[in-house]
Amino acid sequence: MPLLSQHGSPRARAMYLRNLPSIRERCTQVHDLAKEGQLQYFHYDPGREKAVIEFCASIMERDFSNEFASIPPHGRWRHLDAGRCRIEPMLLSWDGSSTPPDTKEKCKRVIDLFLVSVLLDAGAGSQWSYTEEDSGQTFSRSEGLGVASVHMFRDGIFSGSASQPYRVDAEGLARITVDKVAEAMQISSLNPMVGLEGRTSLLVSLSTALKSSPQFFGQDARPGNMLDFLEAESKLEGSTRRVHVSTLWTILIEGLSPIWPARLTLDGVSLGDVWSCPALKQPDQAEGDDFVPFHKLTGWITYSLIEPMEKLLGWTFDGAEDMTGLPEYRNGGLLIDFGVLTLRPGVLSSECYPDGSGIPRLPPSHPAVVEWRAMTVIELDRIADALRRKHNLPRDKLTLAQVLESATWRGGREIAKSLRPSTGGPPIDIVSDGTVF
């Protein structure tokens, strides 16, 4: 496993940490420490994985029988269609307009929506919910945030064009305020949301990012214009357009870099969702050798944007094997709730348990959270491999994205609700500012 010190200059190391393969490589180093019992905060018990795998398999079989081809990929589309379909009817409504868009413009609009919806998806907390006026249905957490974002999109909140509400652009985003987001998401003292300021700041910062990268987002600075860049960098094989995941990743990691808060840097390069893991520290190592990249929101956006490009445009994405599972509290909570990971006794101070519930509350920078997230990335690979073996399926017939959707994310939510019915929250509460999860 290559160390960052072998990647040359600090600038080269920074670029390495922003590349997709670095996530799995660095998380593997943490997992290797866990196998030797050398994590500072967690004990790792691989013998408990069997129970997780059986639990995940039971959920998959309950919801999809053996029709694994019908499992959709993990993406924002499912949350936007919570309770009923919203995306397909919206696409059909555009066909009936006075100036119906072509297929590419439809896809641009969907990408516009999906991108801002993911940025609004950071954990909302256990007290907030959203009631959809026309259906009367109430949704919480990711589904509530997703449904609310669809209505914000329809209402033109993200658009700078009065004649075209169905778009996201720099001009519209620059007008976003905390009060506008709070009103659109029905936030009040009786319906509080975690991280409101952080997610609003992300949207405003997105305006600057879109304008700063016209090579990706065009002169009118909208997310959907990345289709033009991807098309130019793709290969046409017969009637199939092939795009490499790394090209999409480059657009997102570079083009969206200005929206993330300044955290760790190398050679002046802001690294984003990258954190120090003290368990990896060694004497005389190069700066950054203890850094672990996750880029969770970038990964969530990548999964979410691939789907509409495949469905609407018929594009094929290569290099998906470099994508990792998402290191967030549902996937990670599954591991703690089944005892694959257990906090070592006494490693957290009493200040980490502020409400006496027995659930620690930690910031994303806490070394325990970094270890937890790194272990989650590799354990998701192991769970996916085990499920494929169980059903004798190759990787392309049961993808990691399908496992995330049908098993681990859903399973993490269900076991949390079973063990903590009053909140349905995770076994470790992560202090969210809306910019990491």
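The protein goes by Uracil catabolism protein 4 in an unreviewed UniProt entry, where it is assigned to Paxillus rubicundulus Ve08.2h10.

Taken as a whole and judged by the stated rule, the model has six aromatic pairs. Measuring from centroid to centroid gives 5.6 Å for tryptophan 77 and phenylalanine 114, while their planes differ by 80 degrees, and the two rings are edge-to-face. On the criterion of sequence distance, the pair formed by tryptophan 77 in helix α4 (residues 76–80) and phenylalanine 114 in helix α6 (residues 103–119) is long-range, its members being 37 residues apart. The exposure class assigned to tryptophan 77 is buried, which follows from its relative accessible area of 4%. Summarising the aromatic geometry, the rings of tryptophan 94 and tyrosine 166 are spaced 5.4 Å apart at their centres and angled 65 degrees between planes, so their arrangement reads as edge-to-face.

With that settled, consider the pattern of salt bridges. It is possible for side chains of opposite charge to pair when their charged atoms get near one another. Taken as a whole and assessed by the stated rule, the structure comprises 37 salt bridges. For arginine 11, the salt bridge is made with aspartate 267, and the minimal N-O distance between the two is 3.2 Å. Placement of arginine 11 in helix α1 (residues 10–18) and of aspartate 267 in the loop between β6 (265–266) and β7 (269–270) is noted, with a sequence separation of 256 residues between them. With a relative accessible area of 45%, aspartate 267 lands in the partly exposed category. Ionic pairing is found between arginine 109 and glutamate 105, a salt bridge with its closest N-O pair at 3.1 Å. Here glutamate 105 and arginine 109 lie together in helix α6, a separation of four residues that amounts to about one turn. If you follow the salt bridges from partner to partner, you end up with Arg62, Asp63, Glu405, Arg410 and Glu414 in one network.

What follows is about the sheet that holds strand β10 (residues 316–318). Taking strand neighbours across the sheet as the criterion, the three strands line up as β4-β5-β10 in an open arrangement whose pairing is mixed. Each of the sheet's edge strands pairs with one partner strand only, and the pair in question is β4 (235–237) and β10. The sheet shows a mean angle of 35 degrees between the axes of neighbouring strands, direction not considered. Judged from the three bridges that link them, β4 and strand β5 (residues 240–244) form a sheet pairing that is antiparallel. Bridging across to β5, leucine 236 finds its partner in arginine 241. The strands touched by helix α13 (residues 245–255) within the sheet are β5 and β10, with β5 carrying the most contacts at an inclination of about 55 degrees.

A few words now on the pairing of β5. The side-chain alternation of β5 yields one buried face, formed by Arg241 and Val243, and one unburied face, formed by Thr240, Arg242 and His244. Hairpin connection from β4 to β5: two residues lie between these consecutive antiparallel strands, with glycine 238 at a positive phi of about 65 degrees. Bridge count between β5 and β10: three bridges; the pairing is parallel. The partner of histidine 244 across the bridge, within β10, is aspartate 318.

Attention now moves to helix α15 (residues 329–337). Counted residue by residue, α15 has nine buried out of nine residues, so it is predominantly covered. Listed in full, the buried residues belonging to α15 are Tyr329, Arg330, Asn331, Gly332, Gly333, Leu334, Leu335, Ile336 and Asp337. Buried positions along α15 lie against β1 (42–44), α3 (49–64), α7 (141–154), β11 (341–343), α16 (367–391) and α17 (400–419). Measuring from the side-chain oxygen of the N-cap residue of α15 to the backbone nitrogen of arginine 330 gives 3.2 Å; that N-cap residue is glutamate 328. Positive phi shows up at glycine 339, right after α15, with a value of about 80 degrees.

Reading the values: the criteria
- The written sequence of each chain sets the order in which its residues are numbered from 1.
- Only residues with pLDDT of at least 70 get local features here, since the model is predicted, and only at 80 or more are side-chain atom pairs given and counted; chain-wide, interface and lining totals rely on the full set of residues.
- In computing side-chain values, all of the structure's heavy atoms are included and hydrogens and water are not.
- Aromatic contacts are taken between Phe, Tyr and Trp rings whose centres are within 6.5 Å, Trp giving its six-membered ring; a plane angle under 30 degrees counts as stacked, one over 60 as edge-to-face, and the others as tilted.
- Helix and strand assignments come from DSSP, with helices taken as H or I runs of at least 4 residues and strands as E runs of at least 2, each series counted from the N terminus.
- The buried label goes to any residue with under 20% of its type's maximum accessible area, the exposed label to any with over 50%, and the partly exposed label to all in between, with areas taken from a 1.4 Å probe on protein chains only.
- Between Lys or Arg on one side and Asp or Glu on the other, a salt bridge is scored when a side-chain nitrogen of the former is within 4 Å of a carboxyl oxygen of the latter.
- Pairing between strands is defined by DSSP: at least two bridges between them are needed.
- Angles here are taken between N-to-C directions and fall from 0 to 180 degrees, while the axes themselves are lines fitted to C-alpha atoms, restricted in helices to the stretch in contact.
- Whether two residues are in contact is decided by their heavy atoms, any of which lying within 4.5 Å being enough.
- Polar contacts here mean pairs of N or O atoms no more than 3.5 Å apart (in protein, one a potential hydrogen donor and the other a potential acceptor; neighbouring residues in sequence count only if both atoms are side-chain atoms).

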